There are 2 protein chains.
Amino acid sequence: MPHAEMNAGAGVTGPSPWDQAVDRIRAGGLRWTPQRRTLIEVLREREGHVTATELIARCRERDQTTTPSTVYRTLDLLEDLGLVRHGHGHDGREEYHILPQEVHGHLYCVGCGTTWELRPETGAVIVEALASQLGFSVDLSHVTISGRCAGCHD
Amino acid sequence: MPHAEMNAGAGVTGPSPWDQAVDRIRAGGLRWTPQRRTLIEVLREREGHVTATELIARCRERDQTTTPSTVYRTLDLLEDLGLVRHGHGHDGREEYHILPQEVHGHLYCVGCGTTWELRPETGAVIVEALASQLGFSVDLSHVTISGRCAGCHD
DNA sequence: GTCCGGGCCGCAATGTGTTGCAATAGCGAA
DNA sequence: TTCGCTATTGCAACACATTGCGGCCCGGAC
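Residues numbered from 1 in each chain as written. Chains lettered and ligands numbered in written order. Predicted model: local features only at pLDDT ≥ 70, side-chain atom pairs only at ≥ 80, totals over all residues. Heavy atoms only, no water.

## Looking at the overall build of chain A
Okay, step 1: Looking only at helices and strands, chain A has five helices and seven strands in total.
Okay, step 2: For chain A, buried positions account for 37% of its 154 residues.
Okay, step 3: Nonlocal contacts in chain A, meaning residues at least 24 apart in sequence, comprise 51% of its contacts between residues at least 6 apart.
Okay, step 4: Carbon together with sulfur atoms contributes 49% to the accessible area of chain A, which is approximately 8,500 Å² in total. (Helix = DSSP H or I, 4+ residues; strand = E, 2+ residues; numbered from the N terminus. Buried < 20%, exposed > 50% of the residue type's maximum accessible area, 1.4 Å probe, protein only. Contact = heavy atoms within 4.5 Å. Areas by Shrake-Rupley, 256 points an atom, 1.4 Å probe, with all protein chains shown as cover.)

Okay, structure coming up:
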């Protein structure tokens with residue numbers, strides 16, 4: 001029985017990290033469950049940022065019996081594997097960054113409500129400033145900076 | 001009947017902003033209530049950062065009947081008056097900054113759990129970087145940056 | 001001193017995130 | 001294939017934050 005996922009394009013650029021998820025999970029003596037499968041299916045269809053609430057809703061579309069606690073715990077697990085990262089949006093709600101190819105911070109505009117990713121070179125300025133002045137090593141992935149974007153100056 | 005608060009040291013450095021709170025509130029047609037009095041008494045004993053939860057607990061020490069909703073609404077009111085500012089801590093919980101003399105961001109160390117205020121000159125670097133590169137004007141008061149402090153590098 | 005209007009309080013309900021616990025079920029071993 | 005260990009689930013309860021609403025009481029008017 002052919003199964004599309006079994007030969008997921010393992011090209012020169014590398015296979016989708018999600019394809020390794022099953023093995024990575026099992027490698028730690030952890031288990032591959034339907035609930036985890038559902039969440040990962042949802043995640044691989046999306047990119048960028050998602051709120052926990054949205055993920056729960058999408059999982060429930062596929063599996064009515066999805067419970068929040070399971071989703072949160074699975075997300076914790078995936079974060080340990082580096083497949084997602086969580087941060088807090090401008091209002092303090094949990095936000096998950098899917099497949100962070102590179103660690104980045106976020107900007108939130110209180111004017112238009114948009115969220116942008118912080119460009120690496122801009123983030124670097126912040127990281128370096130704090131490192132040199134205070135010896136503080138920033139974890140950019142957890143940073144959301146509020147303010148007003150260029151188009152929203154009152 | 002002498003009342004200590006009536007002549008609170010209005011010296012050259014200016015009276016405590018809290019002393020003006022009553023008038024500021026009344027000036028807007030708003031009311032001076034026992035609940036608001038309790039919260040302000042709690043606030044004036046503290047400085048720096050407090051979580052909403054802690055404030056509620058301290059209010060309850062003085063007044064068993066304190067309810068969360070009242071505290072949150074009073075804090076909103078005080079924020080309008082500029083007496084407090086709220087932000088989100090590293091874990092997304094509400095944190096209130098008492099009497100922000102100057103707007104400042106925060107650093108949180110995931111190693112030791114300490115929170116520091118961001119020195120103005122360091123904050124300025126961040127503000128300027130984002131302003132010049134992206135035209136984004138940062139509201140530092142709402143920023144909490146996570147990472148590891150100098151003493152916690154694994 | 002009393003009245004009256006509207007701001008405010010406390011309750012209750014909702015949404016979001018977290019945790020303890022008993023029962024379930026994945027998966028390696030026999 | 002069956003067994004057994006234990007990771008994981010789902011429930012329930014809790015914690016924090018927020019909001020709507022009926023009734024209360026602050027404070028100015030008389």
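Continuing now.
## Looking at the pairing of strand β7 (residues 144-148) of chain A
Okay, step 1: Where burial is concerned, most of β7 of chain A is hidden: four out of the five residues are buried.
Okay, step 2: Summarising the sheet, strand β4 (residues 106-109) of chain A and β7 of chain A pair through four bridges and their orientation is parallel. Paired with Tyr108 of chain A across the strands is Ser146 of chain A, a residue of β7 of chain A.
Okay, step 3: Sheet topology note: the β7 of chain A/strand β6 (residues 137-138) of chain B ladder contains two bridges and is antiparallel. Bridging from a neighbouring strand, Arg148 of chain A pairs with Ser137 of chain B of β6 of chain B. (Pairing = 2+ DSSP bridges.)

## Here we look at the state of the cysteines
Okay, step 1: Counted by the stated rule, this structure contains zero disulfides over all chains.
Okay, step 2: Of all cysteine sulfurs, the one in Cys112 of chain A lies closest to Cys109 of chain A, which takes part in no disulfide; the gap is 3.6 Å.
Okay, step 3: As a non-bridged cysteine, Cys149 of chain B has Cys152 of chain B as the owner of its nearest cysteine sulfur, 3.7 Å distant.
Okay, step 4: Since its relative accessible area comes to 10%, Cys149 of chain B is described here as buried. (Disulfide = S-S within 2.5 Å.)

## Some remarks on the pairing of strand β4 (residues 106-109) of chain B
Residues and elements named next belong to chain B.
Okay, step 1: A two-sided burial pattern is seen for β4, the buried positions comprising His106 and Tyr108 on one face and Leu107 and Cys109 on the other.
Okay, step 2: Where β4 meets strand β5 (residues 115-117), three bridges bridge the pair, whose relative direction is antiparallel. Across the sheet, residue His106 finds its bridge partner in β5, namely Glu117.
Okay, step 3: Between β4 and β5, which pair antiparallel in sequence order, lie five residues; one of them, Gly113, sits at a positive phi of approximately 80°.

## Section: empty space enclosed by the protein
Okay, step 1: Per the stated rule, a full pass over the model turns up five cavities of 30 Å³ or more.
Okay, step 2: In terms of lining, the largest cavity is formed by 13 residues, of which the most central are His88 and Thr144 of chain A together with His88, Gly89 and Thr144 of chain B.
Okay, step 3: Elements with a minimum of two residues in the lining of the largest cavity: β7 of chain A together with β7 (144-148) of chain B.
Okay, step 4: Here the lining of the largest cavity is built from residues that sort into one nonpolar, twelve polar and no charged.
Okay, step 5: Put simply, the second largest cavity is a space of about 70 Å³. (1 Å grid on protein atoms, 1.4 Å probe; cavity = no way out; pocket = protein on both sides within 12 Å on 5 of 7 lines; lining within 4 Å. Points joined across faces, edges and corners; volume = space filled by probe spheres on them. Nonpolar A, V, L, I, M, F, W, Y, C, P; charged D, E, K, R; others polar.)

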